[in-house]
Amino acid sequence: MEPEPERTGGDADRTSWSDVLSRDALRLIAEGVREMAGFQVALISVVLGEDFRSVAIAGSEEARAALWDAVTPVRTIQQELAKAEDWGRFKYVPSDRVGAIDEWGWVPDYEPSDHPDAWHPLDLLLAPLRDDEGRLVGLLSIDLPTSGRRPDAQQRSLLEKYAAQAERALLVALERHEFSEQIRLATTAREIVRSLSVQLPIEDLLVQAGSALSEGFRAGGSWVQTFAGDVLGSGALYSARGADIVLPDGLVEVAETAAHQLWSVQQWVVIERDRRVEVLTDGQSRQIHAFMERIEADSLLFVPIGAGSTCVGNLVLTRVEGQAPWGRTEAEAALDIGHDLGRSILNARTFAREHRLVQELTALDQYKGRLIATVAHELKNPLTAIMGHLEMLESTPDLTSLTRSSLAAIDRGSQRLQRVIDDLLLLSKVGDPETAIIPAPVALQPVLEDLAELNAVAAQRAGVAIRLEMPEAEVLALGDAEELDTALGNVLSNAVKYGRSGSDVTVELAREDDEVVVTVRDQGIGISPEDRAQLFTEFFRSSNPQAVAQPGTGLGLAIVQRIVQRHGGAITVDSELGVGSAFTLRLPAAVSG
Ligand code: ADP
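Values in this document were obtained by computation on a predicted structure and should not be read as measured data.

The rules behind each value
Residues numbered from 1 in each chain as written. Predicted model: local features only at pLDDT ≥ 70, side-chain atom pairs only at ≥ 80, totals over all residues. Heavy atoms only, no water. Core = buried A, V, L, I, M, F, W, Y, C linked by side-chain atoms within 4.5 Å. Buried < 20%, exposed > 50% of the residue type's maximum accessible area, 1.4 Å probe, protein only. Helix = DSSP H or I, 4+ residues; strand = E, 2+ residues; numbered from the N terminus. Domains from an automatic or database assignment. Pairing = 2+ DSSP bridges. Contact = heavy atoms within 4.5 Å. Axes fitted to C-alpha atoms, helices over the stretch in contact; angles between N-to-C directions. Salt bridge = Lys/Arg side-chain N within 4 Å of Asp/Glu carboxyl O. Patch = residues over 30% accessible without salt bridge, like charges linked within 9 Å, V, L, I, M, F, W, Y side chains within 5 Å. Areas by Shrake-Rupley, 256 points an atom, 1.4 Å probe, with all protein chains shown as cover. Lys, Arg positive; Asp, Glu negative; His and termini not counted. Charge placed at Lys NZ, Arg CZ, Asp CG, Glu CD. Near = heavy atom within 4 Å. Polar contact = N/O pair within 3.5 Å; in protein donor to acceptor, adjacent residues only side chain to side chain. Phe/Tyr/Trp six-rings, centres within 6.5 Å; stacked < 30°, edge-to-face > 60°. Parallel < 35°, antiparallel > 145°, perpendicular 65-115°, else oblique. Left-handed = near helix turned anticlockwise from the far one by under 90°. Nonpolar A, V, L, I, M, F, W, Y, C, P; charged D, E, K, R; others polar.

A. Structural context of the nonpolar core. Core analysis: the biggest nonpolar cluster contains 45 residues, and Leu444, Leu488, Val518, Val520, Val560 and Leu585 have the highest contact counts within it. Where this core is concerned, the elements lending two or more residues are helix H8 (328-394), helix H9 (401-430), helix H10 (444-454), helix H12 (481-497), strand E16 (504-512), strand E17 (515-522), helix H15 (556-566) and strand E19 (580-588). When residues of this core are assigned to domains, at least three map to each of domain 3 (362-430) and domain 4 (440-588). Grouped together as the second largest cluster of nonpolar side chains are 37 residues, Leu26, Ala63, Ile142 and Leu170 included.

Below, the structure written as structure tokens:
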């Protein structure tokens, strides 16, 4: 008859028995049993899943080679045990009852003596080893008594003791193994959680953390509940398997309260099915147990999540029936992860908040850009009509001098309006990321020479001398010729405009590594530190009376900065009020061909 399948233990990781120290400890026990009990071979196996796997062998080289890492189905051994003589802990299966041992065991090669008690090569002497709850966790097998005989009553009572010792040693080793596995897995989980990028959307972050945790803790499932935040709604749940966990409303609140309490004392709680939870009311316990039944969880490890004094949520890891109970080390590791997750959640929230702010600002900026472009276009058409008519009127003969001076005033106003509109259109063009530049090499010497010439009249009128300091060798910037011309022209015309009569404006050109550097230096009115902070803002004009005296739109430098930025360059200002200013533009250089 088939023996009933037995409850087995060995919930420790079933895939590896790599813990060398545990193996060594068991080998010592096997050696001891072999020597003390007077047998040539002693073997300790552990239950790994459906099989026994040999983990410690004492005996001849031949025996060790044959039995090293041997795997035998638990069922096969149980079939043998069913036929055994019961010697107490040890079970003896005489050779004539043993099944096809050559298929799974080791049969020493020798001729038994013809003594009635002679030990036969096929004889089996096995002691099943059990944990405190009676679950089968291992097997002690001994073979080849040195006397060549079956053990007598006295030897058997000794054997009983060795089996008990081996059992204890195995349980300690298993615990150790379990413990080191727990630490290894929890550490892995922690590393994964720590490595999660805060730049992930918080939902993805928590789902990823969830699957790492389920694996790391050998949990049946896991979920993270976050409390009302400014980004997440209240009671958001993230489970590794998606939205398959739905907490009843009442439990969301119970969990939130419990998490806050536990965070303040840095504790966790293990909830087992059908066992009352001390801190909760009967009603709450019932609710939780009903929920556990529904999700088929046998136990829950509930850990608060937070950072500093703030509790932001909770983490729940579940195990199903038959899995090991939650150990203290695991709970502590989970609480550590609660800290990591807390920081990640807060960081992710800050990141999301900043991200949202940037999006809002970008939208605002785009709106401003569109507004400027629309207004400029709407003004341009009527202005063109005004200027056309003005020209017509101006060429009318016999105008009175009063009319002429009115027309001249209209003309000046129109010119000024035209400049503002042109600047606005340019600003919206260079500020539009969708109209990107097509970069090409631009020789800067001729550009600067042309600009110096263009500004010569204004310079003369202002009593300023423009000096160019340029290297012989051609300096090529990489960019849009027209835009670079505009940017450099604006800076130079400012230097002339705000320069002091009788002083110099120097334009220096240099190549530095893979950049070209243009510095425009004047000895003019200078710019105060407060003004410098706003210099590149659209429509900014200094309140310095000397600056206000000059005509301007306050758009020139805003345009320059956008052009420089979209070329991948930078602009800096160095200035002292009343002494002068230096504007430095750095632009990417083109390799001269
Ligand atoms: P604007 O059309 O007013 O010149 P900009 O954007 O070119 O507009 O310049 C903004 C303000 O920065 C000016 O109004 C002026 O106060 C100040 N500024 C610009 N360049 C200089 C300079 N070289 N020296 C002193 N002040 C300057």
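B. Spatial organisation of the sheet that holds strand E7 (residues 136-145). Read across the open sheet, the 7 strands follow the order E3-E2-E1-E7-E6-E5-E4; overall the sheet is antiparallel. Every interior strand has two partners, whereas the edge strands, strand E3 (71-73) and strand E4 (85-86), have only one. Bridging between E4 and strand E5 (residues 91-93) involves 2 bridges; their strand directions are antiparallel. Residue pairing across strands places Glu85 opposite Tyr92, the latter belonging to E5. Across the sheet, helix H3 (residues 74-82) touches strand E1 (39-48), strand E2 (51-58), E3, E5, strand E6 (124-130) and E7, and the angle it forms with E3 is around 65°.

C. Seen up close, the pattern of salt bridges. Inspection of every chain in the model, using the stated rule, returns 19 salt bridges. When the shortest N-O distance is used, the salt bridge between Asp86 and Lys91 registers 2.9 Å. Arg319 is paired through a salt bridge with Glu330; the nearest N and O atoms lie 2.7 Å apart. Of this pair, Arg319 sits in strand E12 (residues 310-319) while Glu330 is found in helix H8, placing the two residues 11 residues apart along the sequence. The exposure class of Arg319 is buried, given its relative accessible area of 3%.

D. Spotlight on H15. Taken together, the buried positions of H15 are occupied by Leu557, Ala558, Ile559, Val560, Ile563 and Val564. Here the buried face of H15 lies against H9, H12, strand E18 (570-576) and E19. Where H15 terminates, the next one or two residues include Gly568, which has phi positive at roughly 80°.

E. Structural context of a negative patch on the surface. Negative charge collects at one region of the surface, where Glu449, Asp450, Glu453, Glu482 and Asp485 lie side by side. Residue assignment for the negative patch shows that the elements contributing at least two residues are H10 and H12. The dominant element in the negative patch, judged by the number of residues it contributes, is H10, at 3 residues. As for its placement among the helices and strands, Asp485 is situated in helix H12.

F. Structural view of the domain arrangement of the protein. By domain assignment, the protein separates into domain 1 (11-181), domain 2 (194-353), domain 3 (362-430) and domain 4 (440-588). Here domain 1 and domain 4 have C-alpha centroids that lie 91 Å from each other.

G. Region of the structure containing the site of the ligand. The ligand sits among 20 residues. The nearest are Asn494, Tyr498, Asp522, Arg541 and Leu557. Lys497 is positioned such that a nitrogen or oxygen atom in its side chain is 3.1 Å from an oxygen atom of the ligand. Note that an oxygen atom of the ligand is positioned 2.9 Å from one of the backbone N or O atoms of Thr553. Starting from 520 Å² of accessible surface for the ligand in isolation, the protein chains cover 97%.

H. Examining the packing of aromatic side chains more closely. Under the defined criterion, the tally for this structure stands at 4 aromatic pairs. Ring centres of Tyr92 and Trp119 lie 6.0 Å apart, and the angle between their planes is 45°; on these two criteria the pair is classed as tilted. Of this pair, Tyr92 sits in strand E5 while Trp119 sits in the loop between E5 and E6; the two residues are 27 residues apart in sequence, bridging distant segments of the chain. The buried category is assigned to Tyr92, whose relative accessible area is 2%.

I. Spatial organisation of the packing of H10 against H12. It is at 10 Å that the axes of H10 and H12 come closest, and there the two elements cross at 45°. It follows that H10 is oblique to H12 by the angle criterion. With respect to the hand of their crossing, H10 and H12 are arranged in right-handed fashion. On H12, the residues that touch Leu444, Val447, Leu448, Leu451 and Ala452 of H10 are Asp485, Leu488, Gly489 and Leu492. The class makeup of the residues in the contact of H10 with H12 is 7 nonpolar, 1 polar and 1 charged.

J. View of unusual backbone geometry. A positive phi angle is found at Glu296, which is not glycine, with a value near 55°. Within the secondary structure layout, Glu296 lies in the loop between helix H7 (282-294) and strand E11 (299-307). Even without glycine at this site, Phe539 takes up a positive phi of about 65°. With respect to the helices, strands and loops of the structure, Phe539 is situated in the loop between helix H13 (529-534) and helix H14 (545-548).

K. Region of the structure containing the sheet that holds E19. Strand order across the open sheet formed by 5 strands is E14-E16-E17-E19-E18, with mixed pairing between neighbours. Looking at the sheet topology across the chains shown, the edges are occupied by strand E14 (465-469) and E18. Taken pair by pair, the neighbouring strands of this sheet meet at an average axis angle of 15°, ignoring direction. As paired strands, E16 and E17 are joined by 8 bridges and run antiparallel to one another. The partner of Val505 across the bridge, within E17, is Asp522. Of the strands in this sheet, E18 and E19 touch H15, which is tilted by about 30° from E19.

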